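Residue-level listing of the chains:
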Amino acid sequence: MDHSMHQHGTTWATAMRATLHCLTGCAIGEILGMVAGTALGWGNAPTMVLAIALAFVFGYSFTLFAVVRAGVTLRAAVKVALAADTVSIAVMELVDNGIVALVPGAMDAHLSDGLFWYALLGGFAVAFVITTPVNKWMISRGKGHAVVHAYH
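Residues numbered from 1 in each chain as written. Predicted model: local features only at pLDDT ≥ 70, side-chain atom pairs only at ≥ 80, totals over all residues. Heavy atoms only, no water.

**A few points about the environment of Trp137**
Consideration 1: For Trp137, the location among the structural elements is in helix H5 (residues 114-140).
Consideration 2: Residues Trp137 and Trp12 lie 125 residues apart in sequence; the distance between their C-alpha atoms is 10.0 Å. (Helix = DSSP H or I, 4+ residues; strand = E, 2+ residues; numbered from the N terminus.)

Take a look at the structure:
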């Protein structure tokens, strides 16, 4: 048995918690971006750009605030958040937005349409399933969310 894999807590449960942490921030940011873009009457492309940008902001902020609360300087906490979450958020956003873009009519659905929410929530679910093994692999190598474990 490879003991180095266990020192980073590379169980599926750990990977799932890291992915859920990432998904929570991404979902908040993405939904806020979709609501704001729609409320402002923006088209699909600018709304999606805003949603993705906010997904990264909220995804990073969850880690950033936790690490700062642990007594780390803001500058160091930013580095930890970038190292911990960039790949996870990028995979999550690529998969989620890809799903939404591929569902017929989802990009033109309004916030009041069930299709919009089914596509978005379905995209989050698929993104969770695909991102969890990515996070497990990264944590097993001391990267990704494993970087945050030193501050828990």
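Read on, since the account is not over.
**Observations regarding the environment of Phe128**
Consideration 1: Within the fold, Phe128 resides in helix H5.
Consideration 2: Here the alpha-carbon distance between Phe128 and Thr86, two residues 42 residues apart in the chain, equals 15 Å.

**Describing the packing of helix H3 (residues 44-69) against helix H4 (residues 74-102)**
Consideration 1: Remark: H3 packs on H4, axes separated minimally by 8 Å, with the N-to-C direction vectors making an angle of 140 degrees. By the angle between their directions, the pair H3 and H4 is classed as oblique. Between H3 and H4 lies a crossing whose hand is right-handed.
Consideration 2: Grouping the constituent residues of the contact of H3 with H4 by class yields 17 nonpolar, four polar and two charged. (Axes fitted to C-alpha atoms, helices over the stretch in contact; angles between N-to-C directions. Parallel < 35°, antiparallel > 145°, perpendicular 65-115°, else oblique. Left-handed = near helix turned anticlockwise from the far one by under 90°. Nonpolar A, V, L, I, M, F, W, Y, C, P; charged D, E, K, R; others polar.)

**Some remarks on the confidence of the model for the protein chain**
The predicted structure's coordinates, where accompanied by low pLDDT, should not be read in detail.
Consideration 1: This prediction gives the protein chain a mean pLDDT of 89; 92% of its residues lie at or above 70.
Consideration 2: Contacts from residues 1-7, a stretch scored under 50 in pLDDT, to residues over four places away or in other chains number four contacts. (pLDDT = per-residue confidence, 0-100. Contact = heavy atoms within 4.5 Å.)

**Focus on the side chain of Thr47**
Consideration 1: Secondary-structure assignment places Thr47 in helix H3.
Consideration 2: Its relative accessible area of 6% is what places Thr47 among the buried residues. (Buried < 20%, exposed > 50% of the residue type's maximum accessible area, 1.4 Å probe, protein only.)

**A few points about the nonpolar core**
Consideration 1: With 28 residues, the main nonpolar core has Cys26, Val67 and Met92 as its most contacted residues.
Consideration 2: For this core, the secondary-structure elements that each account for two or more residues are helix H2 (12-39), H3, H4 and H5.
Consideration 3: The element contributing the most residues to this core is H4, with eight residues.
Consideration 4: Other than its neighbours up to four places away in sequence, Met92 contacts Thr19, Cys22, Leu23, Cys26, Ala127, Phe128 and Thr131. (Core = buried A, V, L, I, M, F, W, Y, C linked by side-chain atoms within 4.5 Å.)

**Focus on the packing of aromatic side chains**
Consideration 1: A complete count under the given rule lists two aromatic pairs for this structure.
Consideration 2: Here Phe56 and Tyr60 contribute two aromatic rings whose centre-to-centre distance is 5.9 Å and whose plane-to-plane angle is 50 degrees, an arrangement assigned as tilted. On the criterion of helical spacing, the pair formed by Phe56 and Tyr60 is a turn pair, its members being four residues apart in helix H3.
Consideration 3: The partly exposed category is assigned to Phe56, whose relative accessible area is 23%.
Consideration 4: For Tyr60, a relative accessible area of 17% puts it in the buried group. (Phe/Tyr/Trp six-rings, centres within 6.5 Å; stacked < 30°, edge-to-face > 60°.)

**Description of a nonpolar patch on the surface**
Consideration 1: Nonpolar side chains collect at one region of the surface, where Val68, Leu74, Val78 and Leu82 lie side by side and expose about 310 Å² of accessible area between them.
Consideration 2: The dominant element in the nonpolar patch, judged by the number of residues it contributes, is H4, at three residues.
Consideration 3: Secondary-structure assignment places Val68 in helix H3.
Consideration 4: Judged by its relative accessible area of 33%, Val68 is partly exposed. (Patch = residues over 30% accessible without salt bridge, like charges linked within 9 Å, V, L, I, M, F, W, Y side chains within 5 Å. Areas by Shrake-Rupley, 256 points an atom, 1.4 Å probe, with all protein chains shown as cover. Salt bridge = Lys/Arg side-chain N within 4 Å of Asp/Glu carboxyl O.)

**Things to note about empty space enclosed by the protein**
Consideration 1: Enumeration according to the criterion identifies one cavity of 30 Å³ or more in this entry.
Consideration 2: As for the largest cavity, its lining consists of Ala18, Cys22, Ala84, Asp85, Ser88, Asn135 and His145.
Consideration 3: Contributions of two or more residues to the lining of the largest cavity are made by H2 and H4.
Consideration 4: Its residues assigned to classes, the lining of the largest cavity shows three nonpolar, three polar and one charged. (1 Å grid on protein atoms, 1.4 Å probe; cavity = no way out; pocket = protein on both sides within 12 Å on 5 of 7 lines; lining within 4 Å. Points joined across faces, edges and corners; volume = space filled by probe spheres on them.)

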